[in-house]
Amino acid sequence: SNRWDGTNSQPMTFVSVNILYPREQQSTLGPRVSLLEVPWELLKAVHIEPRLDQTISNRWAHIRWNSKGTCRFWASPLFEQDFASMDEIERTWVENKR
C-alpha cells in the first residue's frame, strides 16, 4: 500500500542541516531535474514523453521539485526563452532565500 501508516517512516536527518547551521551555510538548491527522474504518470498526464524532445520543444513547461529541504528546477526550452532561463530561476531562488 502507498498509504503512510507510521511504521515505515524514514529518518529526517536533512532537517538537522536547517536547524543547526546558519542560513548562509544552508544549501537548499539542488541539481537540475532530469525529465527521466519525473514519474511517468505525471508526465503522461500533461502529454510529455521524456525521451522525445518534440513533445516539449514548443511548450511552456516548468517543474519545481521539493524534497527533503532541497528545491530543484527544470524548464522547457520555450519557457526559458519566453519567461526565465534556468540560471535566472536558480539565481532568484538563492537570492530569495537570503
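Residues numbered from 1 in each chain as written. Predicted model: local features only at pLDDT ≥ 70, side-chain atom pairs only at ≥ 80, totals over all residues. Heavy atoms only, no water.

## Regarding the packing of aromatic side chains
Our working definition: Pairing of aromatic rings covers Phe, Tyr and Trp, the last counted by its six-membered ring, and requires centre-to-centre distances within 6.5 Å; plane angles under 30 degrees mean stacked, over 60 mean edge-to-face, and any other angle means tilted. Each helix is a run of DSSP H or I of at least 4 residues and each strand a run of E of at least 2, with the numbering of both proceeding from the N terminus. Residue exposure (1.4 Å probe, protein chains only): buried if accessible area is under 20% of the type maximum, exposed if over 50%, otherwise partly exposed.
Applying the stated criterion to the full structure yields 3 aromatic pairs. Plain terms: the ring middles of Phe73 and Trp93 are 5.8 Å apart, the flat faces sit at 70° to each other, and that makes the pair edge-to-face. In this pair, Phe73 is assigned in strand E2 (residues 70–75) and Trp93 in helix H4 (residues 86–96), connecting sequence segments 20 residues apart. Each member of the pair Phe73 and Trp93 is classed as buried. Look at Phe79 and Phe83: their rings are 5.0 Å apart centre to centre, the planes differ by 35°, and that puts the pair in the tilted class. Through successive ring pairs, a cluster of aromatic residues spans Trp60, Phe79 and Phe83.

## With respect to the pattern of salt bridges
Put simply, the rule is: The term salt bridge refers to a pairing of a side-chain nitrogen on Lys or Arg with a carboxyl oxygen on Asp or Glu at a separation within 4 Å.
All chains considered together, the criterion is met by 3 salt bridges. Arg32 is paired through a salt bridge with Glu90; the nearest N and O atoms lie 2.9 Å apart. With Arg32 in the loop between helix H1 (14–20) and helix H2 (40–45) and Glu90 in helix H4, the pair connects residues that are 58 residues apart, well separated along the chain. The shortest N-O distance in the salt bridge between Arg72 and Glu37 comes to 2.7 Å. Here Arg72 is found in strand E2, whereas its partner Glu37 is found in the loop between H1 and H2, with 35 residues between them in sequence. By relative accessible area, Glu37 is classed as partly exposed at 37%.

## Notes on the side chain of Arg72
Under the convention used in this document: Throughout this description, a polar contact denotes any pair of N or O atoms lying within 3.5 Å of each other; where both atoms belong to protein, one of them has to be capable of donating a hydrogen while the other can accept it, and for residues adjacent in sequence the pair is counted only when both atoms sit in side chains. Any pair of residues with heavy atoms lying within 4.5 Å of one another is described as a contacting pair.
Under the relative-accessibility criterion, Arg72 is labelled buried at 16%. Of the polar contacts made by the side chain of Arg72, one reaches the backbone oxygen of Pro31; its length is 2.7 Å. Among the polar contacts made by the side chain of Arg72, one reaches the side chain of Glu37 at a distance of 2.7 Å. Leave out the neighbours within four places in its chain, and Arg72 touches Gly30, Pro31, Arg32, Val33, Ser34, Glu37, Ile63, Arg64 and Trp65.

## Some details on the nonpolar core
Heads up, the condition is: By nonpolar core is meant a set of buried Ala, Val, Leu, Ile, Met, Phe, Trp, Tyr and Cys residues that side-chain atoms within 4.5 Å join together.
Formed by Val33, Leu35, Val38, Leu43, Ile48, Ile56, Ala61, Ile63 and Trp74, the largest nonpolar core amounts to 9 residues. Not counting chain neighbours up to four residues away, the residues in contact with Val38 comprise Val33, Leu43, Ile63 and Trp65. Ala75, Phe79, Ala84 and Ile89 belong to the second-largest nonpolar core, a separate cluster that totals 8 residues.

## Re the pairing of E2
Where we set the bar: Two strands make a pair as long as DSSP finds a minimum of two bridges between them.
Of all the 6 residues making up E2, 5 are buried; the element is thus mostly covered by neighbouring parts of the structure. Where strand E1 (residues 62–67) folds back on E2, the antiparallel hairpin that results is connected by 2 residues, among which Lys68 adopts a positive phi of roughly 55°.

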